[in-house]
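A closer look at the structure
Residue-level listing of the chains:
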Amino acid sequence: MAKDVLCEVDTCVHWHSGNKCAAEQIYITSHEKAHTSAETDCKTFEVK
Ligand code: SF4
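Once a new chain begins, its residue numbering starts again from 1 and follows that chain's sequence as written. Residue-level local features of this predicted model are given only where pLDDT is at least 70; pairs of side-chain atoms are given and counted only at 80 or more, and the full residue set underlies all totals for whole chains, interfaces and linings. Where side-chain values are given, they derive from all heavy atoms of the structure, hydrogens and water being excluded.

Thoughts on the overall build of the protein chain
- The way it works is that DSSP assigns letters per residue, a run of H or I at least four long becomes a helix, a run of E at least two long becomes a strand, and they are numbered from the N terminus. The number of helices and strands found in the protein chain is 0 helices and 4 strands.
- Secondary structure elements in the protein chain, listed N-terminal to C-terminal, are β-β-β-β.
- Along the three orthogonal principal directions, the C-alpha set of the protein chain runs to about 30 × 25 × 15 Å.
- Note on classification: 1.4 Å probe, protein chains only; a residue is buried when its accessible area is under 20% of the maximum for its type, exposed when over 50%, partly exposed between these limits. Within the protein chain, buried positions represent 6% of all 48 residues.
- Considering only contacts within the protein chain whose residues lie at least 6 apart along the sequence, 27% involve residues at least 24 apart.
- Under the convention used here, a 1.4 Å probe and the Shrake-Rupley method define accessible areas, while residue burial counts only the protein chains that appear. Accessible surface, the protein chain: about 4,400 Å² in total, of which carbon and sulfur atoms supply 53%.
- As used throughout, the charge tally considers Lys and Arg to be positive and Asp and Glu to be negative, leaving His and the chain termini uncounted. Taken as the charge location is NZ of Lys, CZ of Arg, CG of Asp or CD of Glu. Between the mean site of the 5 positive side-chain charges and the mean site of the 8 negative ones, the protein chain shows a separation of 5 Å. We call two residues in contact when some of their heavy atoms are within 4.5 Å.

What about a nonpolar patch on the surface?
- Together, Val 9, Phe 45 and Val 47 make up an exposed nonpolar region whose accessible area comes to about 250 Å².
- Looking at the secondary structure, you find Phe 45 in the segment after β4 (40–42). Patches in this entry comprise residues that are over 30% relatively accessible and not in a salt bridge; like charges within 9 Å are linked, as are nonpolar side chains (Val, Leu, Ile, Met, Phe, Trp, Tyr) within 5 Å. Any carboxyl oxygen of Asp or Glu that lies within 4 Å of a side-chain nitrogen of Lys or Arg is treated as forming a salt bridge with it.

Considerations on the site of the ligand
- Throughout this document, a residue counts as near a molecule or strand when at least one of its heavy atoms sits within 4 Å of that molecule or strand. The immediate surroundings of the ligand are formed by Cys 7, Cys 12, His 14, Trp 15, Cys 21, Ile 26, Cys 42, Thr 44 and Phe 45.
- Within the shell around the ligand, the residues separate by chemical class into 7 nonpolar, 2 polar and no charged. Here the nonpolar group is Ala, Val, Leu, Ile, Met, Phe, Trp, Tyr, Cys and Pro; Asp, Glu, Lys and Arg are the charged ones; every other residue, Gly included, is treated as polar.

Looking at the environment of Phe 45
- Phe 45 gets classed as partly exposed once you look at its relative accessible area, which sits at 35%.
- Taking the C-alpha atoms as reference points, Phe 45 and His 16, 29 residues apart in sequence, are found 13 Å from one another.
- Setting aside its immediate chain neighbours within four residues, Phe 45 contacts Val 9, Thr 11 and Cys 12.

What follows is the structure, given as structure tokens:
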């Protein structure tokens, strides 16, 4: 299980300084069958 999530998406309401994700949990989805990180997305993202 992921303990600390680092994230660079500073337009997300869950984002905190130091690239920390403050969400209780996050949900990551994939486009089709992901083979690269670019083919994944954080569905927990909420714009500030
Ligand atoms: S919810 Fe997702 S996009 Fe938002 S800070 Fe956490 S990991 Fe990043």
